[in-house]
Number of protein chains: 2
Amino acid sequence: MRIIIDAMGGDNAPLEIVKGALAGQKRWGVDIVLTGDEDAIRSAMKDCGADEVPRGVEIVGTTETVEMCDDPSTVFRRKKDTSMGVGLTALRDGKGDAFISAGSTGALLTGATLLVKRVRGIRRAAMAPVIPTTTGKAVLIDCGANAECTPEYLVQFAYLGSFYAKRTLGIDNPRVGLLNIGAEDSKGTDLQKETLQWLQKAGAEGHLNFIGNIEAKEAIKGGCDVIVTDGFSGNVMLKSIEGIGSYAGSALKSIFKKNLLTKLAALLVMPGLNDFKSQLDPNKVGGTAFIGISKPVIKAHGSSNAEAIENAILQAKEFAHSGIIDDIEQNIDLMKVEKE
Amino acid sequence: MRIIIDAMGGDNAPLEIVKGALAGQKRWGVDIVLTGDEDAIRSAMKDCGADEVPRGVEIVGTTETVEMCDDPSTVFRRKKDTSMGVGLTALRDGKGDAFISAGSTGALLTGATLLVKRVRGIRRAAMAPVIPTTTGKAVLIDCGANAECTPEYLVQFAYLGSFYAKRTLGIDNPRVGLLNIGAEDSKGTDLQKETLQWLQKAGAEGHLNFIGNIEAKEAIKGGCDVIVTDGFSGNVMLKSIEGIGSYAGSALKSIFKKNLLTKLAALLVMPGLNDFKSQLDPNKVGGTAFIGISKPVIKAHGSSNAEAIENAILQAKEFAHSGIIDDIEQNIDLMKVEKE
């Protein structure tokens, strides 16, 4: 297994990316290809104590970087030699099994779509982070790749999310819910109302384990394994979860810092609190898979540190092993929504 | 000040509603009108230790109740003598200064619009809960009344939310943000892109303190005082916050229950934890104001207990005192969005 990593993407590139790549290479037993400025990567390796490029690691030198301010729709035409574009092309050409970048989400999505291509028949690739729930985990699809969606996109997301939950979370027959503002069939906008009918049909025909509309609160309680929604609402949900997670973190910190007794209390519950914190910590998850692309592409958080990259490597390895892309290709006929 | 309360609305009616009404009447020095089944209300009063209807409390007997399964758009035509409809009519007719119900949100919104009417010129009334942020509080408008919105609705919500933040949260010159999936002007759907232009114009002209697009995470960090969005996304945000709040609550509970030492720790930080919990507890807030209606209407949570009703009474009193409806009426010309 060979993982290609954009060494120049994200707020902490290249040092943390390189550090995480070296750690992940050893820990998960994969080969690594780093794309980016060769001097900068070598210098980062030295800072990690590696004077030579380690065995199992390769550098593909590039001269340009996709910046956050670059227009995603034109950057790969304007800049031909970016760490992201070269990495995606290497993935397309079979020089690796998965690609990871902590760079611009928009550019990565556009690049994956243009260079690696979607699975034939898939209308839009989606971002599908795994979020914590009271009883376990759930896949949230889409969470920002497609702000404006059609019922067909959402029906496809339901299948993509279901395969992903099955293959990467190991959930048999994942329960698929349509994110809505109430459980009743009449709730939501036209998008939800029309999507609901298609998903009910897919459920009745036994193609999906569709449980109906679900509110955000019930989803977080563990009411379903796959939360299907448009990229706008999905992003609002994801960012709200992150926001309240950090709100709770700072509230708890100030509670425990109050005086000597509360500081003692903090010591007593520290292991539990750390577990709780890590459930809500994006660095522990690693990244978000782009589902619907014909090869594995993982978006790591822009603020990824070495630990996040290390975890993203495991995630990429598991994604590449999972067989989810085969699932999608073999079931593409089910995902066609034609106006009757 | 006279507050009309639907004694039959919500999961815990009439006992908890009546209990909260009696407590609120004494505590906040207001008169109360209870609408609903007279026998049931009197019996609930007895359970609260009041053999007679207390001074300052009045019962208006009704024979019907709006049920959760009733169609909001027809219920007030089909059922002429409901506790909700009679209460709203009494508000319209000046028999009270505000109305509170824990019953069906959809029916209350429709009833308020049909019976009490919107402020002239307001396209849609919005639900505007106050949510906790890391640095204080923010108004989230809309959060479910209008799943499908136009730019004009959102521009009006910006003004409504701004007046509400100023008048009820006491924030001078409230910072208004447009909820979006990124801060850049190009983010979001057509709805956000068009609304952004109108709000930027209102900001440039000095009518609103508009700070631009804001992500859910930044909003929860306290990045603005008024979060403007459509009812679908707003509901997803609100319910995600509630969901993660209860997730955090149950996670903390299990951390502290682990063993004797962690139970000791719980005792040491109990006051702080209770404060934290109450910040995320809907019963402490009381209810959500419907803004844009020509008189104060407050939706209490469906699961409201007596404490929630007591707090909703204070909220209704403050709303009626605040002058926000005058603000809206006097500034209605600013809120007109005409295609140029």
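The shown structure was predicted, so the numbers you read here are calculated from the model rather than taken from an experiment.

Draft legend 1. Region of interest: the overall build of chain A. Within chain A one finds 13 helices and 12 strands. At 21 Å, chain A has a C-alpha radius of gyration in line with the 20 Å of a compact globule built from 340 residues. Along the longest, intermediate and shortest principal axes, the C-alpha atoms of chain A span 60 × 60 × 35 Å. Burial analysis of chain A (340 residues in total) assigns 56% to the buried set. When contacts within chain A are restricted to residue pairs at least 6 apart in sequence, those whose partners lie at least 24 apart make up 70%. Total accessible area on chain A stands at roughly 14000 Å², and carbon and sulfur atoms take up 47% of it.

Draft legend 2. Region of the structure containing the sheet that holds strand 4 (residues 98–101) of chain B. Residue and element names in this part refer to chain B. Across the sheet, seven strands lie side by side as 3-2-1-4-12-11-5; this open sheet has mixed pairing. Only two strands of the sheet have a single neighbouring strand rather than two, namely strand 3 (57–61) and strand 5 (126–128). Averaged over all pairs of adjacent strands, the angle between strand axes in this sheet comes to 25°, irrespective of strand direction. Inspection of the sheet shows strand 4 paired to strand 12 (residues 297–300) by three bridges, in the parallel sense.

Draft legend 3. Layout of the confidence of the model for chain A. Of the residues in chain A, 99% reach a pLDDT of 70 or more, and the chain-wide mean stands at 93. Two summary scores accompany this predicted model of the complex, namely pTM at 0.92 and ipTM at 0.91.

Draft legend 4. Seen up close, the side chain of S162 of chain A. Relative to the helices and strands, S162 of chain A is located in helix 6 (residues 151–168). With sequence-adjacent residues up to four places away left out, S162 of chain A is seen in contact with P174, V176, L208 and V226 of chain A.

Draft legend 5. Summary view of the sheet that holds strand 6 (residues 130–133) of chain A. Residues and elements named next belong to chain A. Strand order in the open sheet made by the five strands is 6-7-10-8-9, with mixed pairing throughout. In this open sheet, the two strands that pair with only one neighbour each are strand 6 and strand 9 (209–214). Recorded for the sheet is a direction-independent mean angle of 30° between the axes of neighbouring strands. The pairing of strand 8 (residues 175–179) with strand 10 (residues 226–228) spans three bridges and is classified as parallel. Its bridge partner lying in strand 10, G177 is registered against I227.

Draft legend 6. Quick peek at the pairing of strand 12 of chain B. Residue and element names in this part refer to chain B. Taking every second residue as pointing to the same face, both faces of strand 12 are buried, with V297 and K299 on one and I298 and A300 on the other. Bridging between strand 11 (residues 287–291) and strand 12 involves four bridges; their strand directions are antiparallel. Looking at the pairing, F290 lines up with V297 of strand 12. The antiparallel hairpin formed by strand 11 and strand 12 contains five residues in its connecting segment, where G292 sits at a positive phi of about 115°.

Draft legend 7. Spotlight on a nonpolar patch on the surface. A cluster of nonpolar side chains, L261, L264 and L267 of chain A, forms an exposed patch at the surface whose accessible area comes to about 300 Å². With respect to the helices, strands and loops of the structure, L267 of chain A is situated in helix 10 (residues 260–279).

Draft legend 8. Looking closely at the relation of the copies chain B and chain A. In the superposition of chain B on chain A (RMSD 0.0 Å, axial shift 0.0 Å), the rotation amounts to 180°. Expressed as a symmetry operation, the mapping of one chain copy onto the other fits a two-fold axis. Ranked by how close their C-alpha atoms come to the rotation axis, the residues of chain B are headed by A265 of chain B, at 2.1 Å. Interface overlap between copies: 100% of the residues of chain B at the interface are likewise at the interface in chain A, consistent with a symmetric, same-surface contact.

Parameters at a glance
- Residues numbered from 1 in each chain as written.
- Chains lettered and ligands numbered in written order.
- Predicted model: local features only at pLDDT ≥ 70, side-chain atom pairs only at ≥ 80, totals over all residues.
- Heavy atoms only, no water.
- Helix = DSSP H or I, 4+ residues; strand = E, 2+ residues; numbered from the N terminus.
- Rg over C-alpha atoms; globule rule 2.2 N^0.38 Å.
- Buried < 20%, exposed > 50% of the residue type's maximum accessible area, 1.4 Å probe, protein only.
- Contact = heavy atoms within 4.5 Å.
- Areas by Shrake-Rupley, 256 points an atom, 1.4 Å probe, with all protein chains shown as cover.
- Pairing = 2+ DSSP bridges.
- Axes fitted to C-alpha atoms, helices over the stretch in contact; angles between N-to-C directions.
- pLDDT = per-residue confidence, 0-100.
- Patch = residues over 30% accessible without salt bridge, like charges linked within 9 Å, V, L, I, M, F, W, Y side chains within 5 Å.
- Salt bridge = Lys/Arg side-chain N within 4 Å of Asp/Glu carboxyl O.
- Least-squares fit on C-alpha atoms with pLDDT ≥ 70 in both.

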